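Single-letter residue listing:
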Protein chains: 4
Amino acid sequence: MIVVMNPGAGKEDVEKVTTKLQGMGYGVHLSTGENRTIIGVIGQRREEAAQAMEAMPEVERVVFISRPFKLAGRDFHPDDTVIEIGDVVIGGPNLVLMAGPCAVESEEQLLEVAKTIKDAGAQIFRGGAYKPRTSPYSFQGLEKTGLEYLQKVREQTGLLIVTEVMDQFTVDEVAGCADIIQVGARNMQNYYLLRELGRIRKPVLLKRGLSATIEEWLMAAEYILSGGNYEVILCERGIRTFEPYTRNTLDLSAVPLVKQLSHLPIIVDPSHGTGLAGLVPAMSRAALAAGADGLMIEVHSNPQEALSDGPQSLRPDQFAALLKELKGVALSVGRII
Amino acid sequence: MIVVMNPGAGKEDVEKVTTKLQGMGYGVHLSTGENRTIIGVIGQRREEAAQAMEAMPEVERVVFISRPFKLAGRDFHPDDTVIEIGDVVIGGPNLVLMAGPCAVESEEQLLEVAKTIKDAGAQIFRGGAYKPRTSPYSFQGLEKTGLEYLQKVREQTGLLIVTEVMDQFTVDEVAGCADIIQVGARNMQNYYLLRELGRIRKPVLLKRGLSATIEEWLMAAEYILSGGNYEVILCERGIRTFEPYTRNTLDLSAVPLVKQLSHLPIIVDPSHGTGLAGLVPAMSRAALAAGADGLMIEVHSNPQEALSDGPQSLRPDQFAALLKELKGVALSVGRII
Amino acid sequence: MIVVMNPGAGKEDVEKVTTKLQGMGYGVHLSTGENRTIIGVIGQRREEAAQAMEAMPEVERVVFISRPFKLAGRDFHPDDTVIEIGDVVIGGPNLVLMAGPCAVESEEQLLEVAKTIKDAGAQIFRGGAYKPRTSPYSFQGLEKTGLEYLQKVREQTGLLIVTEVMDQFTVDEVAGCADIIQVGARNMQNYYLLRELGRIRKPVLLKRGLSATIEEWLMAAEYILSGGNYEVILCERGIRTFEPYTRNTLDLSAVPLVKQLSHLPIIVDPSHGTGLAGLVPAMSRAALAAGADGLMIEVHSNPQEALSDGPQSLRPDQFAALLKELKGVALSVGRII
Amino acid sequence: MIVVMNPGAGKEDVEKVTTKLQGMGYGVHLSTGENRTIIGVIGQRREEAAQAMEAMPEVERVVFISRPFKLAGRDFHPDDTVIEIGDVVIGGPNLVLMAGPCAVESEEQLLEVAKTIKDAGAQIFRGGAYKPRTSPYSFQGLEKTGLEYLQKVREQTGLLIVTEVMDQFTVDEVAGCADIIQVGARNMQNYYLLRELGRIRKPVLLKRGLSATIEEWLMAAEYILSGGNYEVILCERGIRTFEPYTRNTLDLSAVPLVKQLSHLPIIVDPSHGTGLAGLVPAMSRAALAAGADGLMIEVHSNPQEALSDGPQSLRPDQFAALLKELKGVALSVGRII
């Protein structure tokens, strides 16, 4: 942490600040430039300390040197985190494919699409029983019944299940059915939920918030890790920008960047990332080429009848065709589908 | 709702789409332009219907004509909503001033600052007992104890209390202490919470999400209104943009725009909106001049010792000075402080 | 400038970097924290030096301490810049009002609207002879003929003229007619144009670029100032964000922020800033309350016949009514209209 | 074009609007829904007409149905544009690789790096003689001398040359040396320049503006095409978002989207798109997998001595290694390097 003094700060001002820092238990290191004095602060990074400094009239601003994430960062954990769930390995050379409809609508719908995506080669089934919807007048999800249907998908197909949890009080319920618990973009900074997920021992799929920086996203992971649950999978799903053609702007540079900063596996959701089924194949290929550990893709047997997100859903035959294409891309970057 | 057909769509394609629309209970109205056919769809706006249409290969896109918010909109509720809590009236000619520290830290701190802001002329005391914090290593709030301290502030000063609720399960607890229940920016799309707030009969202060459009914000209000709780106060608190100097970009144009679109009162939080105490006075003046119904301002007796958001907090003397300045601005736009 | 070394950097790495810095003429100051070494760099800030450092594999990143703008900054020029053009003073207690149509369309149109805005109390007439238009199929401006019409407005009404220059080669031509030369948002980083404007001795109105940070904007001003032309007026006109209701998001916090960072006067253009005539009055009031030195407002005698930007233009009677309202707001913040 | 009337609009209001539309030569088609009347407008899309409508108090807003770009769009030009320059073909199955330093610094530097990138397999050499720089105190480019050096690169290596033009008056000068004329991101909406480029007969590389929507970008291409120059290559180079880790956010979804909307070839610049050399390999792979027709990559013999953009430049050996990797990715999507 570095404290930048105001341009006009005199010796007394600097002393006032260093005294305060030392009172907080920090070591200090003065460096006087042509126009400014800066104070190198030695000790643990703490937001509170930084804010206290910035609230002093003598101080212009505080610059952080170290990253705020410790457990999620590579500095103290250089090796990749690899998550094993039964036969499925996430974060290794084999890529993981999650697919299924946006929302759980009925038992038949689920089983039908589940079989086709299994045949195509996916290992994990996705489907929302609890749905966050922008409008109170939209379909809001089947909730518990939806979880039961997902259970049947697992029993009948052997696919693993990933589904979204909406609050800390349904974590156990969802964990009872799901192999991976998903935190949606809108909940990325729901800290009570994150803390509860730190207490369980099931992998968590943590979607990036709509306007979350990569640092904030890794800090959300840090909440879960700091609770003792080390199995977090990150999922890039597009950020909000000024571009109106696509629902979001899929930030694929997050993939290699997260790989540099963190040891956690990262997958990409091109369906929400673009909002347009026609862009999903190209962005799936690009995600794998960028180094993603897997994909999450919306597939619906009949997108025109979907209760949610039809325009971004592939049909099962399109999904199967895409998977064939992806094998070559995976190979070209040393990965396997 | 208008369905725009693909450029090359033929008669059969149009028929396929109109048949589907009619099957959903909609009336249709064809209009054939030079290059496109468009279908005017007569009936209730529904997201699901629009998505079903957009998932058809014959369709280019769907354009909504009506606004998605009904209860929050002015079309069917032309008069301003005015909320009365005891002597305090929100949304009338008198402006409402909410002030207090970001977080509840101790009983003494609260009472000290509460008295000064009451003397200065504020009517409502703010302070967070439950705190959403980006880092798991930061101070996380006093929770229940914090609520008790807030209760004491009300008893001893007569100030009304506004404080944040973090999830649907503590709504009753918070409602037991607060006169106004705050939904924070990160929870603006926490739909379970919004629905629960629709069931109670207490005013809700709904902060705009960091990257929420005005339409999404009004739809969040719609969730509460559609549950039967008509007392929603909107609060503009800055949106996320590319500008790094300020913590957020305070979008004051939201004030007159919300006044056009909706009948709900709207206040402004220049403290979070800028993140810099030095900008709070100017932006408070600007907010009132833009037509806001009030302000929410962070005040801390000693910003350098604050456990949260010190750099954006005013000292009590600065707050008192600001209030004096604001009287003239209020008068100049026909309002009273 | 501070060089942050990589977490694993050893003594040799640090030496390599300090040697390079010293070779570039910089003084260095080491500070070794728990996990990182940082190097305080003493000497002039230079982008090239920073980039050279960041290109070294031993270096994580470079943090700038001083602001990049010198002439535009307050550090070495604490007093406000006040610009006098005849009787009109920009940056003093009196507010300046610029108004007129988006584009110059005809002589009659200009004279008609010019008289009404003069009667209303404006001092400066705006109108574009050269027009940047998104579509090649839109009206592109009257160019030289437009300048002649503006000349007539000045002769017949005594209003000062502000009009846009599009490139460095027409600077003299525009300067021959205009009292203030406007640089449009799209040209804010047209450095050849900025440099040419540094050579003349006429005030320049520098609009903020659509996605320009405040630092980039002040650096654009620095180009003009560093050429020897000290009369630069900044104009906030909205930035691009994700919000679709308004054409741009008017960033009024730029007003007090620019006042802190710089000595240059700043005005606000609520017409382009919102794109909606219905929001112009509220945002004009807010801009003045935030501390702006003036306003630039689009006025057209018949917005429905305007060749450009009709939806954001006020009619002359609306403008006159607005000016009356603004007098009180100005007074309430110690300014005069 | 569709005109949406205000909710309360009566028969007379609708007549007033239709009369005006008919007076402008448009056909109209009324459609009366439950709450609104909408008017389908038949005839050429024109911004002026839409603005005139939106300026009418009876009208809520105008919705465009057709795309504003005609020549750049696929509707009337379904086949891909393929550009041939000598042996190099852009937009066909073979991918094109452009590489070189950000700025032309010296003759030796250029020739040295040019030979290495040619050996690695690139076909086109990039280097800026005219440089847009944020700070007036930074290196501003060698200008004419730089062009002469680039000429020598072509003579001695046979590489084609792409270099930036900064204004309409140096188009001939740059065209005399370059095989492809580059329009930088900051000049994407410099309409005088675009129009001048429409008059010449040389391929133009049009970079996407920092905050340009895809529609605005294609409209910039439309300016060049409408002048008669049909050889435009688009270049995605990152857009401005709130994410601070990367210099820009590379929007790779623009690649398949542009391929749908337009027939023009599109390449990607991952160097500017990320600002970090460490991300260039992954994003180069991703760009090709997304369907880009080529890449533009910054290569410098000694990034630590570069006068511009060292941190994002690859060394020649890194570039050669990357090219080997890319061959497999290209093959996996049916393309050839």
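Please read all numbers here as calculations on a predicted model, not as lab measurements.

The rules behind these values
Residues numbered from 1 in each chain as written. Chains lettered and ligands numbered in written order. Predicted model: local features only at pLDDT ≥ 70, side-chain atom pairs only at ≥ 80, totals over all residues. Helix = DSSP H or I, 4+ residues; strand = E, 2+ residues; numbered from the N terminus. Buried ≥ 20, exposed ≤ 12 C-beta atoms within 10 Å, placed from the backbone. Domains from an automatic or database assignment. Contact = placed C-beta atoms within 7 Å. Nonpolar A, V, L, I, M, F, W, Y, C, P; charged D, E, K, R; others polar. Axes fitted to C-alpha atoms, helices over the stretch in contact; angles between N-to-C directions. Parallel < 35°, antiparallel > 145°, perpendicular 65-115°, else oblique. Left-handed = near helix turned anticlockwise from the far one by under 90°. Pairing = 2+ DSSP bridges. Expected span 1.5 Å × (residues − 1). Bend = angle between axes of the 7 residues up to and from the residue. Least-squares fit on C-alpha atoms with pLDDT ≥ 70 in both. Right-handed = clockwise from strand over helix to strand, strands pointing away.

**Some words on the overall build of chain A**
Thinking step 1. Scanning chain A from N- to C-terminus turns up 11 helices and 14 strands.
Thinking step 2. With the C-alpha coordinates of chain A rotated into their principal frame, the extents come out at 75 × 45 × 40 Å.
Thinking step 3. Put simply, chain A has 337 residues, and 61% of those count as buried.

**Re the domain arrangement of chain A**
Thinking step 1. Examined at the domain level, chain A breaks down into domain 1 (2-63) and domain 2 (83-332).
Thinking step 2. Domain 1 of chain A and domain 2 of chain A are separated by 44 Å when their C-alpha centres are compared.

**Remarks on the interface of chain C and chain B**
Thinking step 1. Tallying the contact residues gives 35 residues for chain C and 35 residues for chain B.
Thinking step 2. Of all the secondary structure elements, the ones that give two or more residues to the side of chain C that touches chain B are helix H8 (254-261), helix H10 (280-290) and helix H11 (316-332) of chain C.
Thinking step 3. Class assignment for the residues of the side of chain C that touches chain B results in 20 nonpolar, 12 polar and three charged.

**Structural notes on the packing of helix H10 (residues 280-290) of chain B against helix H11 (residues 316-332) of chain B**
Residues and elements named next belong to chain B.
Thinking step 1. Their axes nearest at 9 Å, the elements H10 and H11 cross at an angle of 25 degrees. Comparing their axes, H11 and H10 come out roughly parallel. Considering how the two elements wind past one another, H10 and H11 form a crossing that is right-handed. Between H10, through Pro281, Ser284, Arg285, Leu288 and Ala289, and H11, the contact on the second element is made entirely by Leu322, Glu325, Leu326, Val329 and Ala330.
Thinking step 2. Here the residues of the contact of H10 with H11 sort into seven nonpolar, one polar and two charged.

**Focus on the interface of chain A and chain B**
How big an interface is tends to be stated in terms of accessible area lost as the parts join.
Thinking step 1. Across the boundary between the two partners, chain A contributes 41 residues, which contact 41 residues of chain B.
Thinking step 2. Contributing elements (two or more residues each) for the side of chain A that touches chain B: helix H2 (47-54), helix H6 (191-199) and helix H7 (214-226) of chain A.
Thinking step 3. Here the residues of the side of chain A that touches chain B are counted per class, giving 18 nonpolar, 12 polar and 11 charged.

**A word on helix H8 (residues 254-261) of chain D**
Thinking step 1. Taking burial as the measure, the eight residues of H8 of chain D include six buried ones, the bulk of the element.
Thinking step 2. Among the residues making up H8 of chain D, those that are buried are Ala254, Val255, Pro256, Leu257, Val258 and Lys259 of chain D.
Thinking step 3. Packing partners of the buried residues in H8 of chain D comprise helix H10 (280-290) of chain A together with helix H7 (214-226), strand E12 (232-236), strand E13 (266-268) and helix H10 (280-290) of chain D.

**With respect to the environment of Cys102 of chain A**
Residues and elements named next belong to chain A.
Thinking step 1. The topology assignment puts Cys102 in the loop between strand E7 (96-100) and helix H3 (107-120).
Thinking step 2. With 23 C-beta atoms counted inside 10 Å, the residue Cys102 sits in the buried group.
Thinking step 3. Along the backbone, Cys102 and Ala254 are 152 residues apart, and their C-alpha atoms lie at a distance of 23 Å.
Thinking step 4. Contact partners of Cys102, with chain neighbours within four places excluded, come to Gly128, Glu298, Ala306, Ser308, Asp309 and Ser313.

**Quick word on the sheet that holds strand E1 (residues 2-5) of chain D**
As a general point, the strands of a sheet are linked pairwise by backbone hydrogen bonds and lie either parallel or antiparallel.
All names here are of chain D.
Thinking step 1. Taken in spatial order, the four strands of this open sheet run E2-E3-E1-E4, and their pairing is antiparallel. In this open sheet, the two strands that pair with only one neighbour each are strand E2 (27-32) and strand E4 (59-63). Between one strand axis and the next, the sheet turns by 20 degrees as a mean value, whatever way the strands run.
Thinking step 2. Relative to strand E3 (residues 37-42), E1 runs antiparallel, the two sharing three bridges. The partner of Ile2 across the bridge, within E3, is Gly40.
Thinking step 3. Relative to the sheet, helix H1 (residues 11-23) contacts E1, E2, E3 and E4, its axis offset from that of E3 by approximately 10 degrees.

**Some remarks on the packing of helix H3 (residues 107-120) of chain C against helix H4 (residues 144-157) of chain C**
Residues and elements named next belong to chain C.
Thinking step 1. Close contact between H3 and H4 brings their axes to 10 Å; oriented N to C, the two are set at 40 degrees. Considering only the axes of H3 and H4, their crossing is right-handed. Residues Glu107, Leu110, Leu111, Ala114, Lys115 and Lys118 of H3 pack against Tyr149, Lys152, Val153, Gln156 and Thr157 of H4.
Thinking step 2. The residue inventory of the contact of H3 with H4, partitioned by class, reads five nonpolar, two polar and four charged.

**Things to note about helix H11 (residues 316-332) of chain D**
What sets the pattern is the α-helix's 3.6 residues per turn: residues three or four places apart point alike.
Thinking step 1. Taking 1.5 Å as the rise per residue, H11 of chain D with 17 residues should run 24 Å; its terminal C-alpha atoms sit 25 Å apart, in good agreement.
Thinking step 2. For H11 of chain D, the principal kink sits at Leu326 of chain D and spans about 25 degrees.
Thinking step 3. Along H11 of chain D, the residues classified as buried are Pro316, Phe319, Leu322, Leu323, Leu326, Val329, Ala330 and Ser332 of chain D.
Thinking step 4. Buried residues belonging to H11 of chain D abut H10 and helix H11 (316-332) of chain A together with strand E7 (96-100), helix H3 (107-120), H10 and strand E14 (294-298) of chain D.
Thinking step 5. Of the residues one or two after H11 of chain D, Gly334 of chain D is the one with positive phi, at around 75 degrees.

**Quick word on the sheet that holds strand E1 (residues 2-5) of chain A**
Residue and element names in this part refer to chain A.
Thinking step 1. Pairing within the open sheet is antiparallel, and its four strands lie in the order E2-E3-E1-E4. If you trace the sheet from one side to the other, it starts and ends with strand E2 (27-32) and strand E4 (59-63), each paired once. Each neighbouring strand pair of the sheet contributes to a mean axis angle of 20 degrees, computed without reference to strand direction.
Thinking step 2. Sitting on the sheet, helix H1 (residues 11-23) is in contact with E1, E2, strand E3 (37-42) and E4, with an inclination near 10 degrees to E3.

**As for the relation of the copies chain C and chain B**
Thinking step 1. Superposition record for chain C on chain B: RMSD 0.0 Å, screw rotation 180 degrees, translation along axis 0.0 Å. Seen this way, the second copy is the image of the first under a two-fold rotation axis. Nearest to the rotation axis, the C-alpha of Ala286 of chain C is located 2.1 Å from it, this being the minimum over chain C.
Thinking step 2. Mapped onto chain B, 100% of the interface residues of chain C again fall at the interface, so both copies present the same surface.

**Comments concerning the environment of Arg46 of chain D**
All names here are of chain D.
Thinking step 1. Note on placement: Arg46 falls in the loop between E3 and helix H2 (47-54).
Thinking step 2. On the basis of neighbour count, Arg46 is assigned to the partly exposed category, with 19 C-beta atoms found within 10 Å.
Thinking step 3. The spacing of Arg46 and Lys131 is 85 residues in sequence and 36 Å in space, taken between C-alpha atoms.

**Here's the deal with the pairing of strand E9 (residues 160-165) of chain B**
Residue and element names in this part refer to chain B.
Thinking step 1. Most of E9 is tucked away, with six of its six residues classed as buried.
Thinking step 2. The pairing of strand E8 (residues 124-126) with E9 spans three bridges and is parallel. The residue bridging Arg126 from the neighbouring strand is Val162, located in E9.
Thinking step 3. Of the crossover connections in this fold, the one passing from E8 over helix H4 (residues 144-157) to the parallel E9 is right-handed.
Thinking step 4. In this sheet, strand E10 (residues 180-183) lies alongside E9 in parallel orientation, the contact comprising four bridges. Within E10, the residue paired with Val162 across the bridge is Ile180.
Thinking step 5. Once you follow E9 into helix H5 (residues 171-177) and on to E10, the crossover reads as right-handed.

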